[in-house]
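# Summary of the model geometry
Chain by chain, the residues:
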Amino acid sequence: MARGVIENLIEQLTKLPGVGRKSAQRLAFFILNMKDEDALALAGAITALKQNARFCQKCFNITDSDTCEICRDSLRDRKRICVVEEPSNILVVERSGGFNGLYHVLQGALSPIDGITPAMLRIKELVDRVHNDGVDEVVIATNPNTRGEVTARHIKEALGSFNVAVTRIAYGLPLGGDIEFADEITMKKSLEGRTRLE
Amino acid sequence: MTGRTEGIVLRSRTLGEADLIIEYLTKDFGTRSAFAKSPRKIKSRFGGSLEPFTHARIALTGKEDANLPRLTQSDIIRSFHPLRENTPGFIKACQFAELVMKLLPSEGRSHNAFALMLWGLDGLEKDPASVLVPLVFKLRLLELAGYAPALNGCTRCGGQTDVFYPRDGALLCGGCKKEGPALGLSAALIALHKSLSVFPLEKLSRIKPSGALLTELERFVELHFSEGVNVHIRSVKF
Ligand SMILES: [Zn+2]
Ligand SMILES: [Zn+2]
């Protein structure tokens, strides 16, 4: 019996990304030794997430009500929208503290070879927001890879008829990196995006 | 199955948090998938070398029978970056990659297919709007994959005819013909098809068919693909 429940938990944990059999075992025994209230809070958080999580009607962030906290926050700059591929990307931009506007989650990126077309992403909804909400700037923060680039170009075209600045986050070398190891395209993009030292 | 070769990235799929599975057309081992550890992390040593259509010198390591060797080295020979920055050209290149993955056998030496892919990508990079380059690419790939249309008289009896039956992938005469779609071909088209099939790739740019002939070639290739080869291509214009 005891072996059954612990085996079951180990098996469930191995479904998580980056968790192999060994880590799953360690986590399972850790949970077994947790205080009851902590373990139940963890289980409860997972249940609550799956029961209540839905997409924000405005920006498609994850939320537990109709619109997300960021969209409801009256202190944010409503004239700027940062476009990201996935809800998890919002956390990264937020942690940077470099942006105080609203977001728009595309729920993916264009990929012809995988059959992912503009209609499958939240691009029309973005165009509608720009059209209706008096947006000044759309910052495209899709990934700096081919899919992200194709998506960025497509959005730029889709917003072509609006009086809105479409900007792209800068490309370049990672901080703490070494030019020696930069590939030619990253280097070229870094040169193109060079700025005057102030 | 493992070792050093040259590869062209056909497609990549994410695996877990930061890993990728890259599908390559290699010069020496046919189409191959390889596992790349953590390329999605910003500081990855693979840099931009795993982006679609990159031509790179690659090293794959793994057990002899491993069906997913690990990518341990990837040095760019030609990035084809300008091609990725042109959406219509990029979509055509995606079609090339799809056709390679769907039509070519995954094993064996692949020098010809490799040279053809490089030729096609080069042609698209120079002229993303080219009509001829995709058509030649398709015809030559069909030949490598064993689907080349037979345009030397009736394939059954050898008699005179110029009517193409895509479901047979061949010309058939009035006596041998069957049910199904058919397309009458001009003598000029049959001659053009022959030149496009036999000319060395590096000399193909000398062939400059008229607009009308190009349109006829396009119809012929389309019909052969939709009725004869029967592959479904997902990469379509936005
Ligand atoms: Zn929201
Ligand atoms: Zn016949």
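What counts, and at which threshold
Residues numbered from 1 in each chain as written. Chains lettered and ligands numbered in written order. Predicted model: local features only at pLDDT ≥ 70, side-chain atom pairs only at ≥ 80, totals over all residues. Helix = DSSP H or I, 4+ residues; strand = E, 2+ residues; numbered from the N terminus. Contact = placed C-beta atoms within 7 Å. Buried ≥ 20, exposed ≤ 12 C-beta atoms within 10 Å, placed from the backbone. Nonpolar A, V, L, I, M, F, W, Y, C, P; charged D, E, K, R; others polar. Pairing = 2+ DSSP bridges. Axes fitted to C-alpha atoms, helices over the stretch in contact; angles between N-to-C directions. Arc of directions from axis to C-beta. pLDDT = per-residue confidence, 0-100. Parallel < 35°, antiparallel > 145°, perpendicular 65-115°, else oblique. Left-handed = near helix turned anticlockwise from the far one by under 90°.

## Some details on the overall build of chain B
- Secondary structure summary: chain B contains 6 helices and 8 strands in total.
- Secondary structure elements of chain B occur, N-terminal to C-terminal, as β-β-β-β-β-α-α-α-α-β-β-β-α-α.
- In terms of overall dimensions, chain B has C-alpha extents of about 65 × 35 × 30 Å along its principal axes.
- Within chain B, residue pairs in contact and separated by at least 24 positions form 54% of the contacts whose partners lie at least 6 positions apart.

## Section: the overall build of chain A
- Secondary structure assignment for chain A yields 8 helices and 6 strands.
- Order of helices (α) and strands (β) in chain A, N terminus to C terminus: α-α-α-β-β-α-β-α-β-α-β-α-β-α.
- Per-residue burial for chain A yields a buried fraction of 20% across its 198 residues.
- For chain A, long-range pairs separated by at least 24 residues make up 49% of all intrachain contacts whose partners lie at least 6 apart in sequence.

## Examining the environment of A:F55
Residue and element names in this part refer to chain A.
- Checked against the element boundaries, F55 lands in strand β1 (residues 54-55).
- Looking at F55, the number of C-beta atoms within 10 Å reads 16, which means it is partly exposed.
- For the pair F55 and E125, spaced 70 residues apart in the sequence, the C-alpha separation amounts to 13 Å.
- Once you skip the residues sitting within four places of it in the chain, F55 turns out to touch F60 and I62.

## Thoughts on the interface of chain A and chain B
- Contacts between chain A and chain B engage 21 residues on the former and 25 residues on the latter.
- Of all elements in the fold, only α7 (146-158) and α8 (184-192) of chain A reach the threshold of two or more residues within the side of chain A that touches chain B.
- Looking at which element gives the most residues to the side of chain A that touches chain B, the answer is α7(A), with 5 residues.
- A class-by-class count of the residues in the side of chain A that touches chain B yields 9 nonpolar, 8 polar and 4 charged.

## Re the sheet that holds strand β4 (residues 101-105) of chain A
All names here are of chain A.
- The parallel open sheet is built from 4 strands, whose spatial order is β4-β3-β5-β6. In this open sheet, the two edge strands, each paired with only one partner strand, are β4 and β6 (165-168). Averaged over all pairs of adjacent strands, the angle between strand axes in this sheet comes to 25 degrees, irrespective of strand direction.
- Pairing of strand β3 (residues 77-84) with β4, which is carried by 5 bridges, proceeds in the parallel orientation. Residue pairing across strands places D77 opposite G101, the latter belonging to β4.
- Helix-sheet contacts for helix α5 (residues 87-96) involve β3 and β4, and the interaxial angle to β3 is about 120 degrees.

## Topic: helix α6 (residues 123-133) of chain A
Residues and elements named next belong to chain A.
- Of the positions making up α6, those classed as buried are I123, L126 and V130. Buried positions in α6, seen along its axis, are confined to an arc of 55 degrees and lie on one side of it. Opposite its buried face, α6 presents the exposed residues K124, D128, N132 and D133, each directed more than 90 degrees away.
- Check the buried side of α6 and you find it contacts β3, β4, β5 (137-140) and α7.
- Taken from the residues just after α6, G134 is the one with a positive phi, measuring 60 degrees.

## Overview of the confidence of the model for chain B
All names here are of chain B.
- Per-residue pLDDT for chain B has a mean of 90; in total, 97% of the residues score no lower than 70.
- Per-element averaging of pLDDT across chain B places strand β3 (residues 31-36) at the bottom with 91 and helix α3 (residues 111-126) at the top with 96.
- Reported confidence for the predicted complex is 0.82 by ipTM and 0.84 by pTM.

## Here's the deal with unusual backbone geometry
- For A:Q107, which is not glycine, the phi dihedral falls at a positive 65 degrees.
- The class of A:Q107 is partly exposed, set by 15 C-beta atoms lying within 10 Å.
- The phi angle at B:F53 is positive, at roughly 75 degrees, despite the residue not being glycine.
- By the element assignment, B:F53 lies in the loop between β3 and β4 (55-61).
- By the C-beta count within 10 Å, which is 26 here, B:F53 ends up buried.

## Remarks on the packing of helix α4 (residues 132-145) of chain B against helix α6 (residues 211-229) of chain B
Residues and elements named next belong to chain B.
- Packing of α4 against α6 brings their axes to within 10 Å, and their N-to-C directions diverge by 40 degrees. When the axis of α4 is compared with that of α6, the two are oblique. Relative to α6, the crossing made by α4 is left-handed. Here L132, L135, K138, L139 and L142 of α4 lie close against α6, whose contacting residues are L214, L217, E218, V221 and V229.
- By residue class, the composition of the contact of α4 with α6 is 8 nonpolar, no polar and 2 charged.

## Comments concerning the environment of A:S111
Residues and elements named next belong to chain A.
- You can see S111 is positioned in the loop between β4 and α6.
- Here S111 falls in the buried class, since 20 other C-beta atoms lie within 10 Å of it.
- When the C-alpha positions of S111 and G148 are compared, they lie 9.0 Å apart, and in sequence the two are 37 residues distant.
- The residues touching S111, leaving out its near neighbours within four places in the chain, are I116 and R147.

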